[in-house]
Amino acid sequence: MNQNKSNVPVSVAEEPDELSYYRLTLLSYLRESHPDLVDDEAFITSRSDQAAEAFSAAVRSGLTYDDAAQQVNALLFRGLHFSRLDTLVTVLWNEFATEVPEGNARNVALQLLPECQKVFSGYSLSDDFMFSPEFEQLYGELTGTIVIWLEENGL
């Protein structure tokens, strides 16, 4: 046994950033749904630190683990529920299944993101945007943009 190391587990607050549960959880989600934010170190550090502090405060205040986790997840993923990438993947699955195999949809969506930025910029995107009346209009505009892109670029 190493005499210089304690057998006491390291708390979340003392863990190096790369081992933080909240940091890893957020990074995993960003890689999947918001790849444009993966390199935003300030955002990731700030949001994961806030989540760790919020969890500790919630537990200290008497919340159950599940209630604290639910509260922290709301904080950790605030503003990230609507994903441009996930929306493009959904449009590809629903409207272009014969042109774009399901297994290739994410890669094609990544190629389409820059092409669709202008379409997305015309909307005020929020966590609940998918449930708004404007979502159908966005969906239609994305479909049209993809039709044009596929005609010009093929696969």
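Residues numbered from 1 in each chain as written. Predicted model: local features only at pLDDT ≥ 70, side-chain atom pairs only at ≥ 80, totals over all residues. Heavy atoms only, no water.

## Looking at the nonpolar core
Move 1: Residues Leu88, Leu92, Leu112, Leu138 and Ile146 are the most contacted members of the largest nonpolar core, which totals 25 residues.
Move 2: Mapped onto this core, the elements with two or more residues apiece are α4 (84-95), α5 (105-121) and α6 (134-153).
Move 3: Among residues more than four places away in sequence, those in contact with Ile146 are Leu88, Val91, Leu92, Phe96 and Leu112.
Move 4: Listed in part, the 14 residues of the second largest apolar core include Leu26, Ile44, Ala68 and Phe77. (Core = buried A, V, L, I, M, F, W, Y, C linked by side-chain atoms within 4.5 Å. Buried < 20%, exposed > 50% of the residue type's maximum accessible area, 1.4 Å probe, protein only. Helix = DSSP H or I, 4+ residues; strand = E, 2+ residues; numbered from the N terminus. Contact = heavy atoms within 4.5 Å.)

## A word on the packing of α4 against α5
Move 1: One can describe the packing of α4 onto α5 by two numbers: an axis separation of 8 Å at closest approach and a directional angle of 115°. Between α4 and α5, the angle falls in the class roughly perpendicular. Taken as a pair, α4 and α5 cross one another with a handedness that is right-handed. Along its contact with α4, which presents Arg84, Leu85, Leu88, Val89, Leu92 and Trp93, the element α5 presents Ala105, Arg106, Val108, Ala109, Leu110, Leu112, Leu113, Cys116, Gln117 and Phe120. (Axes fitted to C-alpha atoms, helices over the stretch in contact; angles between N-to-C directions. Parallel < 35°, antiparallel > 145°, perpendicular 65-115°, else oblique. Left-handed = near helix turned anticlockwise from the far one by under 90°.)

## What about the packing of aromatic side chains?
In this description, an aromatic ring pair is defined by two values, namely the gap between the centres and the angle between the planes.
Move 1: A complete count under the given rule lists 9 aromatic pairs for this structure.
Move 2: Note on Tyr22 and Phe55: the rings are 6.4 Å apart at their centroids and 45° apart in plane angle, and the pair reads as tilted. Here Tyr22 is found in helix α1 (residues 21-33), whereas its partner Phe55 is found in helix α2 (residues 41-60), with 33 residues between them in sequence. With respect to class, Tyr22 is no different from Phe55; both count as buried.
Move 3: Here the aromatic rings of Phe129 and Phe135 are separated by 6.2 Å at their centres, their planes lie at 75°, and the arrangement is edge-to-face. Taken individually, Phe129 and Phe135 each receive the classification buried, so the pair is uniform in this respect.
Move 4: Members of the aromatic cluster, each reached through a chain of ring pairs, are Phe82, Tyr123, Phe129, Phe135 and Tyr139. (Phe/Tyr/Trp six-rings, centres within 6.5 Å; stacked < 30°, edge-to-face > 60°.)

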